[in-house]
Amino acid sequence: MQIYLPIADLPVNIFLVLGMGIAVGFISGMFGIGGGFLMTPLLIFIGISPAVAVASVASHISASSFSGVITYWRKRALDVALAMMLLSAGILGTFAGVWLFTLLRAMDQLDLVIGLSYVTLLTLVGGMMIWESVRAELRTRRGMPATLRRPGSHNWVHGLPLKMRFKRSKIYVSAIPVWGIGFSIGFIGAILGIGGGFLLVPMLIYFLRVPTATVIGTSMVLTLITMASATVMHAVTNHLVDAVLALILMVGGVIGAQFGVRTGQRMRGERLRLLLGLLVFAVGLRFAFALVVKPDDLFSLRAVGAE
Amino acid sequence: MMRRLALTLLLLTAGVSAADAERLVVSLSNHRVAVTSSFVGEELVLFGTIEPDQPRAALRPSYDLVVTVRGPRQTLRTRRKERVLGIWVNVDSREFVRVPSYLAILSNRPVEAIGTPDVRRRLQVGLDNYLLPQRIGPDTADTVPDDPFRAAFLRLETQYGLYRQSATSVTFLTPTVFRTAIPLPSNVPTGNYPIDVKLFAGGEMIARTSSALEVRKAGFEQYVADAARDHGLLYGLATSLMALLTGWLASIVFRRD
């Protein structure tokens, strides 16, 4: 069944888009990520312009992260104080990102920067996750505990001033790395049209040593607020949010996410991280492939302005 | 002096009556195309007849007809990729200034057979002769038809179904009655579409008329598009609220504890 999208200006098959929403929702529920890095390329692939895809995916992610936030809130598994600290810098990062986005777009190099950033980020993060989870897997095989507990293992991050206590997460860290992480997530999210959950979770674990109990819930609060405000920002600045597309995506997304969460809970953490690592790495390779292989058509068109 | 004026007048009236020996009457099946949520493209039909201007005037044995449908103008950039350090990068681009967002040149015969190259260029008959100004420094100018950027531009627009040139679209039902189908693909831009109908005989244009159609969003589609354009903040807030509602509903429906 075809439905015409009022902002994207083209008809799409409603069941195809719903199916994409369910599939990405399943993955996002399973791994506790927004799934923007999968959804945006998929939408571009079915012919929706990148700008509309990025803007509409933002509202889709806010829906799925809100349903996640409610679930984690009930379990008291989120750290609001930490999320607010990250957010205060995240907003600045978003503004900086939107500014660079506009600049690069005017210079015709946006595709390249997005492509290169995706390749670098995804292969690096994916590779690190695979490496880390394979080592954990091997340790379990040898009968050792899966995760090495290093109590009191302080890295350079813990030597910074402006220390703050986050009660729910039971951590005592400097505000500087928290702001730094918040800023970079906001910045990357605005340029690449992703919530940044798959980056934020490992950053919080490795740099701030946020316990696994609160990390996903906290990351989801941040994703929710940045993506909801990104929706409004995109709607105000370039009028490219397609509400019809977003609604189909979010309905599929929240249904898929519920099944994803159930599947994810039945799996061990290391196995889950390995799978996510492989997925992230594969998407990164796909982007690398697109940059290196000669394109079918060397020419491309982009609208600069209408009458 | 007087004689020269009279001569000019005579020539002028002669010219006018010669050019007006035939008259074109055209009618469109539908002047307004509504883009609704079930829109998947549409085909309009343009009918027309060739009539003698005066009852006594004789009609010619054969005519050629060229129908040009042009969409609202827009400015586009054509970019070319090249391999730099192993990856493919946009290295060069040209801006096509205020070119049609949709362009259909429909005729009953290949345009090469209809008029002399000079006539075709002057009247912009055929995609190769259509004026596509590029920004060159502070100026804009059209280039030769085989300019690589121009060729790529036409090729891409044709691939998207937005530009087309067809030598079989116009059908003469009788020697003086014709019809042509104007295909509007699903990605057709909204706006006004002037239609230019040119009648040729013996390689020269002998009559010309115009019509127009309008493509616009209707109903729900129009409502959403207007809201997004005119009330960006409200629209964004509403979309975000819709997202929160969907997420909240999902957490209630699927609640297990």
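These figures come from a predicted structure and were not determined experimentally. (Residues numbered from 1 in each chain as written. Chains lettered and ligands numbered in written order. Predicted model: local features only at pLDDT ≥ 70, side-chain atom pairs only at ≥ 80, totals over all residues.)

**Student:** Before we move on, can you summarise the overall build of chain B with the specific residues and values?
**Tutor:** In terms of helices and strands, chain B carries five helices and 14 strands. Relative to the globule expectation of 18 Å for 257 residues, the C-alpha radius of gyration of chain B, 25 Å, shows a markedly less compact shape. Along the first, second and third principal axes, the C-alpha atoms of chain B reach 100 × 50 × 40 Å. By the burial criterion, 30% of the 257 residues in chain B qualify as buried. A sequence separation of at least 24 residues applies to 65% of the contacts in chain B between residues at least 6 apart. (Helix = DSSP H or I, 4+ residues; strand = E, 2+ residues; numbered from the N terminus. Rg over C-alpha atoms; globule rule 2.2 N^0.38 Å. Buried ≥ 20, exposed ≤ 12 C-beta atoms within 10 Å, placed from the backbone. Contact = placed C-beta atoms within 7 Å.)

**Student:** Please provide a residue-by-residue account of the overall build of chain A, values included.
**Tutor:** Assigned secondary structure in chain A consists of ten helices and five strands. For the C-alpha atoms alone, the extent of chain A along its principal axes is close to 65 × 40 × 40 Å. Here chain A, with 307 residues, has 50% of them falling under the buried criterion. Within chain A, contacts between residues at least 6 apart in sequence are counted, and of these 79% link residues at least 24 apart.

**Student:** Mind laying out helix H10 (residues 269-292) of chain A, listing which residues take part and the relevant values?
**Tutor:** All names here are of chain A. Here H10 contains 24 residues, and its C-alpha end-to-end distance of 34 Å stays within 8% of the 34 Å for a straight helix at 1.5 Å per residue. For H10, the complete set of buried residues consists of Arg273, Leu274, Leu276, Gly277, Leu279, Val280, Gly284 and Phe287. Buried residues along H10 sit against helix H1 (14-31), helix H5 (110-141) and helix H7 (197-206). (Expected span 1.5 Å × (residues − 1).)

**Student:** Could you give an account of the interface of chain A and chain B, naming the residues involved and the relevant values?
**Tutor:** A common way to report how large an interface is uses the accessible area buried once the components associate. Contacts between the two partners involve 49 residues from chain A and, on the opposite side, 50 residues from chain B. Sorting the residues of the side of chain A that touches chain B by element identifies strand S1 (2-5), strand S2 (10-13), helix H3 (50-74), H5, helix H8 (212-237), helix H9 (243-265), H10 and strand S5 (299-306) of chain A as the ones contributing at least two each.

**Student:** If you had to explain unusual backbone geometry to someone new, which residues and values would you point to?
**Tutor:** Despite not being glycine, A:Asp9 has its phi angle at roughly 60°, a positive value. Among the structural elements, A:Asp9 can be located in the loop between S1 and S2. In this structure, B:Leu85 is a non-glycine residue whose phi angle is positive, near 50°. In this structure, B:Leu85 sits in the loop between strand S5 (73-84) and strand S6 (87-100).

**Student:** So, the confidence of the model for chain B: which residues are in play, and what are the values?
**Tutor:** Residue and element names in this part refer to chain B. Across chain B, the average pLDDT comes to 85, with 90% of residues at or above 70. Note that residues 7-19 has pLDDT below 50 and, in this model, one contact with residues that lie over four places away or in other chains. Here the prediction assigns the complex a pTM of 0.77, and the interface score ipTM is 0.79. (pLDDT = per-residue confidence, 0-100.)

**Student:** Tell me about the environment of B:Ser166, and name the residues and values.
**Tutor:** Structurally, the position occupied by B:Ser166 is in strand S10 (residues 163-166). Through-space distance from the C-alpha of B:Ser166 to that of B:Leu184 is 14 Å; in sequence the pair is 18 residues apart.

**Student:** Can you lay out the environment of B:Ser27 for me, pointing to particular residues and giving the numbers?
**Tutor:** Residues and elements named next belong to chain B. Position of Ser27 relative to the elements: it lies in strand S1 (residues 22-28). Under the C-beta neighbour-count criterion, Ser27 is labelled exposed, with 12 such atoms within 10 Å. Spatially, the C-alpha atoms of Ser27 and Ser210 are 10.0 Å apart, while their sequence positions differ by 183 residues. Not counting residues up to four positions away in its chain, the partners in contact with Ser27 are Phe47 and Gly48.

**Student:** How would you summarise the sheet that holds strand S3 (residues 42-52) of chain B if you had to cite specific residues and measurements?
**Tutor:** Residue and element names in this part refer to chain B. If you walk across this open sheet you meet the four strands as S1-S3-S12-S11, and the pairing is antiparallel. Each having just a single partner strand, S1 and strand S11 (170-174) make up the two edges of the open sheet. The sheet shows a mean angle of 25° between the axes of neighbouring strands, direction not considered. When S1 meets S3, the two strands line up antiparallel, connected through seven bridges. Looking at the pairing, Val25 lines up with Thr49 of S3. (Pairing = 2+ DSSP bridges. Axes fitted to C-alpha atoms, helices over the stretch in contact; angles between N-to-C directions.)

**Student:** Could you give me a rundown of the domain arrangement of chain B, with the residues and numbers involved?
**Tutor:** All names here are of chain B. Under the domain assignment, chain B is made up of domain 1 (15-217) and domain 2 (218-257). For domain 1 and domain 2, the distance between their C-alpha centres works out to 40 Å. At the interface, six residues of domain 1 touch six residues of domain 2. Among the secondary structure elements, those contributing two or more residues to the side of domain 1 that touches domain 2 are strand S2 (32-35) and strand S14 (204-217). (Domains from an automatic or database assignment.)

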